[in-house]
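Listed below are the residues making up each chain.
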Amino acid sequence: MTDKTNTPISVVGLGLMGTALARAFLKAGHPTTVWNRTAAKADSLVAEGARLAPAIGDALGGVTIVCLTDYSAVRELLGDARLDGTTLVNLTSGDSAQARETAAWAEKQGARYLDGAIMAIPSSIGTDEAVILLSGPLPDFDLGALGTVSHLGEDPGLASLYDVAGLTMMWSVLNAWLQGTAMLKTAGVDAATYAPFARQIAAGVADWLPGYAEQIDQGSFPAEVSALETDARAMAHMVEESEALGVNAELPKLIKAMADRAIAAGHGGEQYPVLIREFERPGE
Ligand code: FVH
């Protein structure tokens, strides 16, 4: 591994995120080359010390970070370019199939390919809060200038899979919070009053994850705390309350329907994570 700050880096794609990435590399002392389809977006970075690649080909050949709108933009831009000697680090968001296909294509073009996912907003890039996931061959350079970087394994699809799993967590938690907020608003409780209570519940649930994960990995779900059929009775309150209050009951009904299916399949006496069986199949 070379010194943290002396690996020359190219950044291709200077949208909101690519600009933040290039700026973080510059700030950390990496010699930084930039390229963008709309060249004017490079002006401020050039003023800060970046070198402007006159053509896309001039940004290839070393460690090249790509951060475009989507994977089709990456393929459209790089087309049939030979990528010999290039380590292509694609931080564009997508899914695992796109990542694996792009890895196969890039390797055929001669590149060493790492796929990545950015779980951060542009303003947090360069701080420890910015989580950058990588998968593919082990990097021999350091992207620590961007934030907290984790290499997840050789399979190039892993970074995108973790990204999508993380987004699922994020939006599920937010939707659950919005459901409760809508219910409480009917009683005059505002969102700010409910938020600390909701946060406490979310943190408590987060603490259950390691134990529940152990049950899933062992495939054994003894009801040590509560049986699924007991939980399902509380879920009925959630549905009935939402309907009675006139708020949206879709999420409560979905939660209950999944539990009911697991109970019908004979899992009512087991603990909640037995529901993994419902999540492992396509659904109805
Ligand atoms: N911004 C964010 O908060 C999120 C956080 C999580 C990860 N995402 C992903 O990062 C990718 C880039 O997002 P972005 O916010 O930088 O997006 P834009 O500001 O819209 O910039 C898009 C850049 O892509 C260039 N581009 C698009 N199509 C092409 C193409 N066919 N050929 C060459 N370049 C292309 C575009 O160029 P231009 O319009 O300026 O000429 C921008 O540089 C994305 O995957 C997020 O999901 C960000």
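To keep things clear, this report deals only with the structure shown in the data block. Please read these numbers as outputs of a predicted model, since none were measured by experiment. (Residues numbered from 1 in each chain as written. Predicted model: local features only at pLDDT ≥ 70, side-chain atom pairs only at ≥ 80, totals over all residues. Heavy atoms only, no water.)

Concerning a nonpolar patch on the surface
Here comes step 1: Among the surface-exposed residues, Phe197, Ile201, Val205 and Trp208 lie close enough to one another that they form a single nonpolar patch of about 400 Å² accessible area.
Here comes step 2: Position of Ile201 among the secondary structure elements: in helix α6 (residues 191–218). (Patch = residues over 30% accessible without salt bridge, like charges linked within 9 Å, V, L, I, M, F, W, Y side chains within 5 Å. Areas by Shrake-Rupley, 256 points an atom, 1.4 Å probe, with all protein chains shown as cover. Salt bridge = Lys/Arg side-chain N within 4 Å of Asp/Glu carboxyl O. Helix = DSSP H or I, 4+ residues; strand = E, 2+ residues; numbered from the N terminus.)

Describing the site of the ligand
Here comes step 1: Around the ligand, the surrounding shell holds 21 residues, and the nearest of these are Met17, Asn36, Arg37, Thr38 and Lys41.
Here comes step 2: For the ligand, an oxygen atom lies 3.0 Å from a polar atom in the backbone of Leu16.
Here comes step 3: Residue Thr38 places a side-chain N or O atom 2.5 Å away from an oxygen atom belonging to the ligand.
Here comes step 4: Burial of the ligand by the protein chains amounts to 76% of its free accessible area of 920 Å².
Here comes step 5: The set of elements that each furnish at least two residues to the shell around the ligand consists of α1 (16–28) and α3 (71–78).
Here comes step 6: It is α1 that contributes the most residues to the shell around the ligand, three residues altogether.
Here comes step 7: Its residues assigned to classes, the shell around the ligand shows ten nonpolar, eight polar and three charged. (Near = heavy atom within 4 Å. Polar contact = N/O pair within 3.5 Å; in protein donor to acceptor, adjacent residues only side chain to side chain. Nonpolar A, V, L, I, M, F, W, Y, C, P; charged D, E, K, R; others polar.)

Remarks on the sheet that holds strand β8 (residues 148–151)
Here comes step 1: Taken in spatial order, the eight strands line up as β3-β2-β1-β4-β5-β6-β7-β8 in an open sheet, and their pairing is mixed. A single partner strand is all that each edge strand has here, and the edge strands are β3 (51–52) and β8.
Here comes step 2: Where strand β1 (residues 9–12) lies against strand β4 (residues 63–66), four bridges are found, and the strand directions are parallel. Across the sheet, the residue bridging to Val12 is Val66, located in β4.
Here comes step 3: Running at roughly 150° to strand β5 (residues 87–90), α3 makes contact with β1, β2 (32–35), β4, β5 and β6 (112–119) of the sheet. (Pairing = 2+ DSSP bridges. Contact = heavy atoms within 4.5 Å. Axes fitted to C-alpha atoms, helices over the stretch in contact; angles between N-to-C directions.)

Examining the pairing of β6
Here comes step 1: In terms of residue burial, β6 counts as a mostly covered element, since six of its eight residues are buried.
Here comes step 2: With four bridges joining them, β5 and β6 adopt parallel strand pairing. Directly across from Asn90, in β6, lies its bridge partner Asp115.
Here comes step 3: Across five bridges, β6 lies against strand β7 (residues 131–135) in antiparallel orientation. If you follow Met119 over to β7, its bridge partner there is Val131. (Buried < 20%, exposed > 50% of the residue type's maximum accessible area, 1.4 Å probe, protein only.)

A word on the side chain of Asn90
Here comes step 1: Tracing the sequence through the fold places Asn90 in strand β5.
Here comes step 2: Reaching out from Asn90, the side chain makes a polar contact with the side chain of Thr92 at a distance of 2.8 Å.
Here comes step 3: A polar contact of 3.1 Å, which involves the side chain of Asn90, links it to the side chain of Tyr113.
Here comes step 4: Dropping the residues within four chain positions of it, Asn90 is found in contact with Val66, Tyr71, Val74, Thr102, Tyr113, Leu114, Asp115 and Gly116.

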